Amino acid sequence: MALGKIKADTLEHSTSGSVDTKFVVEGSAKHWTRYDQTGPTIDSSLNTSSIEDTSTGKATVNISSAFSSVGAYSTSGSKNATTYNFTISPVSASQYIMYNRNDAGSYDDPSKESSQAVGDLA
Amino acid sequence: MSEILVNKLTGTSTAGSILVTGEGNSTTTNLQQGLAKAFALWNSAGTPAYRDSFNMGSITDHGTGDQTVAFTNSMANANFTTSGQVGNGNDGDTSNSQMRRGSSATGSQRCTIQFATSASNANFDYTYVGLVIHGDLA
């Protein structure tokens, strides 16, 4: 079956309303990953090339198709119950670092970590 | 301007895969993979109740600051991503609120919700608990 391309500004469902397609393009997550930082190993992902174990508690996440700039994407994430908190620091249009600390305030590698990003692709 | 009236979008080569051209007009992203598969905002105080939700079923209350939300349509596996934020909607609240990822299943996600100060942390029933799920639907 041949591939096709549709250009449209609005999608409308018969009963559930309509959506401007700019929300589809600009509002969809462009990257997400769920991984085990003790490896690290990627459990599942979208638009993720690799995750590096920079050091204990520090995971460098590399994005396959880059965002338009380091300031063009917003990140969020979560951790499993054995860790206390985390911060995400964008490094470039295709890379960010997650810093993880345990309940004692020390850097630690969680086994179930996830993050995602929305923003403008290059 | 153009408008498509449709109840279902399906890929031609692969039913569950449609590409969308990105903002830079060159790179593409996958429509299905990028969509949030579930979200919920609930009040965990008293009997937990949704304020708004999508693809969410029941809420199981395990105790203070400890709830499991069920998905209406299950995920393909438990390796979906989660993100969330909790609070009471108080602009002056200086405590450190947090939501931890508990056990995950294809049909549900358990969340442990806590507040923390410099002296202690404990489970707490916040009135606004937000959760967003990305990953693969079954």
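Shown above is the structure to which this text applies.
Residues numbered from 1 in each chain as written. Chains lettered and ligands numbered in written order. Predicted model: local features only at pLDDT ≥ 70, side-chain atom pairs only at ≥ 80, totals over all residues. Heavy atoms only, no water.

### Notes on the pairing of strand β3 (residues 29–36) of chain A
All names here are of chain A. Counting buried residues in β3 gives 8 out of 8 residues, a clear majority hidden from the surface. One ladder, built from 6 bridges, connects β3 with strand β10 (residues 113–119); its direction is antiparallel. Across the sheet, Arg 34 pairs through a bridge with Ser 114, a residue of β10. Between β3 and strand β4 (residues 41–46), which follow one another and run antiparallel, lie 4 residues. (Buried < 20%, exposed > 50% of the residue type's maximum accessible area, 1.4 Å probe, protein only. Helix = DSSP H or I, 4+ residues; strand = E, 2+ residues; numbered from the N terminus. Pairing = 2+ DSSP bridges.)

### Re the interface of chain A and chain B
Contacts between chain A and chain B engage 42 residues on the former and 40 residues on the latter. For the pair chain A and chain B, the two sides together bury roughly 3400 Å², of which 51% comes from carbon and sulfur. Between the two partners, chain A and chain B, sit 1 salt bridge. The shortest N-O distance in the salt bridge between Glu23(B) and Lys30(A) comes to 2.7 Å. Applying the counting criterion to the chain A and chain B interface returns 19 residue pairs in polar contact (both at pLDDT 80 or more). Secondary-structure elements contributing two or more residues to the side of chain A that touches chain B are β1 (10–13), α1 (21–27), β3, β4, β7 (73–79) and β10 of chain A. A per-element tally of the side of chain A that touches chain B places β3(A) first, with 5 residues. Of the residues in the side of chain A that touches chain B, the class split is 15 nonpolar, 17 polar and 10 charged. Pairing geometry for β1(A) and strand β1 (residues 3–5) of chain B, over 3 bridges, is parallel. (Contact = heavy atoms within 4.5 Å. Buried area = accessible area lost by both parts, 1.4 Å probe. Salt bridge = Lys/Arg side-chain N within 4 Å of Asp/Glu carboxyl O. Polar contact = N/O pair within 3.5 Å; in protein donor to acceptor, adjacent residues only side chain to side chain. Nonpolar A, V, L, I, M, F, W, Y, C, P; charged D, E, K, R; others polar.)

### Re the pattern of salt bridges
All told, the structure shown has 3 salt bridges over all chains when counted by the stated rule. Note that Arg34(A) is salt-bridged to Asp43(A), the shortest N-O span being 3.3 Å. We classify Asp43(A) as partly exposed; its relative accessible area is 31%. Arg110(B) is the salt-bridge partner of Asp66(B), the closest N and O atoms lying 2.7 Å from each other. In this pair, Asp66(B) is assigned in strand β7 (residues 66–71) and Arg110(B) in strand β10 (residues 108–116), connecting sequence segments 44 residues apart. Here Asp66(B) falls in the buried class, since its relative accessible area comes to 12%.

### Some points on the side chain of Ser83(B)
Topologically, Ser83(B) is positioned in strand β8 (residues 81–87). Accessibility expressed as a relative area gives 8% for Ser83(B), which makes it buried. Discounting chain neighbours no more than four positions away, the residues touching Ser83(B) are Ser76(A), Gly77(A), Gln116(A), Gly130(B), Leu131(B) and Val132(B).

### With respect to the side chain of Asn100(A)
Residues and elements named next belong to chain A. Relative to the assigned elements, Asn 100 resides in strand β9 (residues 95–101). On the accessibility criterion, Asn 100 (0% relative accessible area) is buried. If sequence neighbours within four positions are ignored, Asn 100 has contacts with Gln 37, Gly 57, Lys 58, Lys 79, Asn 85, Phe 86, Ser 106, Tyr 107, Asp 108, Pro 110 and Glu 113.

### Let's talk about unusual backbone geometry
The amide bond that connects Gly39(A) to the next residue, Pro40(A), takes the cis arrangement and shows omega of 0 degrees. Counting through the fold element by element, Pro40(A) comes out in the loop between β3 and β4. In this structure, Asn25(B) is a non-glycine residue whose phi angle is positive, near 70 degrees. Along the chain, the position of Asn25(B) falls in the loop between β2 (19–21) and β3 (28–30).

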